[in-house]
Amino acid sequence: MCIRDRIKLGRPEETPEFSDSSWASMLFCGGIGASILYWGLIEWAYYYQGPPFNLPGGSPDAIRWATTYGIFHWGPVAWAIYLVPAVPIAYFYYVRQTPILKVSQTLMPLLGEKLASSNWAKLLDVLFIFGMVGGGATTLGLASPLINEGLYNLFGLPRNTTMQIVVLLVTTMIFAYSAYQGLKGGIQKLSNINFYLAVAFLLFILIVGPTVFILNTGLEALGRSITEMPLMMTYIEPFKDFQEFGFEHTTFPQDWTVFYWAWWLVFAPTIGLFIAKISRGRTIRNMVLGSMFYGSLGCAMFMIILGNYGLYLQLTGTVDVVAVLNNESPTAAIFAILNSLPMSYVVISVFTFLAIIFTATTFDSISYILASVVQVEVDDEPHRWNRLFWAFTLCLLPAILMFLGDLQTLQTASIIAGAPLIVILCMMMMSVIKAARYDLAYQPDYGLKTIHIEELPDNAPWEVGETSESLEGSVMHQHEEWEQMREDTENAENAKNDD
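Presented here is an overview of the structure given in this document. Note that the structure is predicted; figures quoted are calculated from it, not measured.

Before going further, it helps to examine the packing of aromatic side chains. Taken as a whole and assessed by the stated rule, the structure comprises 35 aromatic pairs. A ring pair is formed by Tyr47 and Trp256, whose centres lie 4.9 Å apart and whose planes are at 70°; its orientation type is edge-to-face. Taken together, the residues Tyr47 in helix H2 (residues 35-49) and Trp256 in helix H13 (residues 252-277) connect sequence positions 209 residues apart. With a relative accessible area of 0%, Tyr47 lands in the buried category.

Written out as structure tokens, the structure is:
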């Protein structure tokens, strides 16, 4: 694996398509969306009153875990799940030069070319598309009330379904235009605006808020999330039904950790494909470590600064965030927190604009990837009409469900659809390992810092037709020569023993 992660995604002469800063902002803004604004401000309040490990709500230990669990849920595990499909897809698209961004193509080393091109394999592609559309449309529908609440606080606009659909349409037009412009012309620019505005927003709250409290609490929470990660990853409370033995009934792991992992799993095809698409010219190691580091760091900053500011208001009695959450709504609690800041009108304006841009950045990425997946071949970028079609398709589904009042149905269906993805993602991991092992053996040498897969066989073992012979001087050819020498030696010894 140490050898395989040095493989370069692209030709030897290619350099990374995007600078590190643009790449980091694109993968973070595209992979998270407005959800980090929502949960960054309010997630701690749920843990505060309903903590894990059967702790009493509002206790000192509950408060400590409330500062920690958000960092864990939005941390390395989430980004690792995103990367499971990203690595195989990037490998086949950039290394093996397969001009098709489809899951079925990455399974060819396991299934063989005939089965990977069959209608059964196409069902896997359809399942991935369903997960992308369902997960994306649900998140777009959930972001609309947050933006609508901001517009209500700013301009007194009504908080109703009609207004939320107007928000949907405006946001859709923004990300449709961005997706229409393509990766460099639209998505990269929108991501950069999003990233720098988000950094300015966080710095403002850090400076005007209780800076020392936020930093101290964040440092402690960050350390706890690292040292206690194995505990949080394996906490499932198997004895919750045996209350007669003193165990308390709790569904915390299922309501939060399991749900989050299922949610990341639903988004893994979309964000994994997007990470793969923007990583041309990087090594597999660079893509994996960079995604996990930048993604986890960005989410941690939101949880630490926004979450700990809200917690400070609760502990000092400045704003009873938990009471507003329970008696009114999560969005009301969010804007109660924001209204406590200096220049609150400006802050809410920036927050609302940021929510719109975050949502647009995520969904221009999703519509771009959906267009890439359904297109027969993608030489550079999918067709513009294809991108626009998926942009407005993503808007149509939540708009219909808003009228029906049944966004929860789509969310549940998307999560259920994520269950079979576990098996498919495992197959993708085994497939890319098999392909990389074979391709590495086809090279003359892989003792370099960065490995360039330059020579590819005309026919690999999993493709139709006779498998290509190994090149003279390649690692595979050397192994074949050594194997022949061993056979000759064994035959000579056997002949000698027979005599």
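So, on to the pattern of salt bridges. According to the stated counting rule, one finds seven salt bridges in the structure shown. Among the ionic pairs, Arg280 bridges to Glu14, the shortest N-O distance being 3.2 Å. Of this pair, Arg280 sits in the loop between H13 and helix H14 (284-316) while Glu14 sits in the segment before helix H1 (20-32), placing them 266 residues apart in sequence. One salt bridge in this structure joins Glu220 and Arg224, with 2.7 Å as the shortest N-O distance. With Glu220 and Arg224 both in helix H11 (residues 211-227), this residue pair falls four residues apart, about one helical turn. On the basis of relative accessibility, which here comes to 39%, the residue Glu220 falls in the partly exposed class. A relative accessible area of 14% places Arg224 in the buried class.

Counting through the fold element by element, Ser178 comes out in helix H10 (residues 161-208). We classify Ser178 as buried; its relative accessible area is 3%. It is 9.4 Å that separates the C-alpha atoms of Ser178 and Tyr368, two residues lying 190 residues apart in sequence.

Ranked by size, the top nonpolar core spans 136 residues in total, and within it Leu338 and Phe358 carry the most contacts. Of the residues forming this core, the biggest block, 16 residues, is contributed by helix H5 (residues 76-95). Setting aside residues no more than four positions away along its own chain, Phe358 makes contact with Phe28, Cys29, Gly33, Ala34, Ile36, Leu37, Asn194, Ala198 and Phe302.

Before going further, it helps to spend a moment on a nonpolar patch on the surface. Together, Val166, Leu169, Val170, Met173 and Phe392 line one region of the surface with nonpolar side chains, adding up to about 430 Å² of accessible area. Residue contributions to the nonpolar patch peak at four residues, all from H10. Along the polypeptide, Phe392 turns up in helix H18 (residues 384-404). Note on Phe392: relative accessible area 41%, which makes it partly exposed.

A few words on the packing of H1 against H14. It is at 9 Å that the axes of H1 and H14 come closest, and there the two elements cross at 60°. When you trace H1 past H14, the crossing you get is right-handed. Of H14, the residues touching H1 (which contributes Asp20, Trp23, Ala24, Leu27, Phe28 and Ile32) are Asn286, Met287, Gly290, Ser291, Tyr294, Gly295, Gly298, Cys299 and Phe302. Classifying every residue of the contact of H1 with H14 gives nine nonpolar, five polar and one charged.

Phi is positive for Asn54, close to 60°, though the residue is something other than glycine. Mapped onto the secondary structure, Asn54 falls in the loop between H2 and helix H3 (60-66). A relative accessible area of 25% means that Asn54 is categorised as partly exposed. Positive phi, normally seen in glycine, also occurs at Glu237, with a value near 50°. Counting through the fold element by element, Glu237 comes out in the loop between helix H12 (229-234) and H13.

Criteria and thresholds
Residues numbered from 1 in each chain as written. Predicted model: local features only at pLDDT ≥ 70, side-chain atom pairs only at ≥ 80, totals over all residues. Heavy atoms only, no water. Phe/Tyr/Trp six-rings, centres within 6.5 Å; stacked < 30°, edge-to-face > 60°. Helix = DSSP H or I, 4+ residues; strand = E, 2+ residues; numbered from the N terminus. Buried < 20%, exposed > 50% of the residue type's maximum accessible area, 1.4 Å probe, protein only. Salt bridge = Lys/Arg side-chain N within 4 Å of Asp/Glu carboxyl O. Core = buried A, V, L, I, M, F, W, Y, C linked by side-chain atoms within 4.5 Å. Contact = heavy atoms within 4.5 Å. Patch = residues over 30% accessible without salt bridge, like charges linked within 9 Å, V, L, I, M, F, W, Y side chains within 5 Å. Areas by Shrake-Rupley, 256 points an atom, 1.4 Å probe, with all protein chains shown as cover. Axes fitted to C-alpha atoms, helices over the stretch in contact; angles between N-to-C directions. Left-handed = near helix turned anticlockwise from the far one by under 90°. Nonpolar A, V, L, I, M, F, W, Y, C, P; charged D, E, K, R; others polar.

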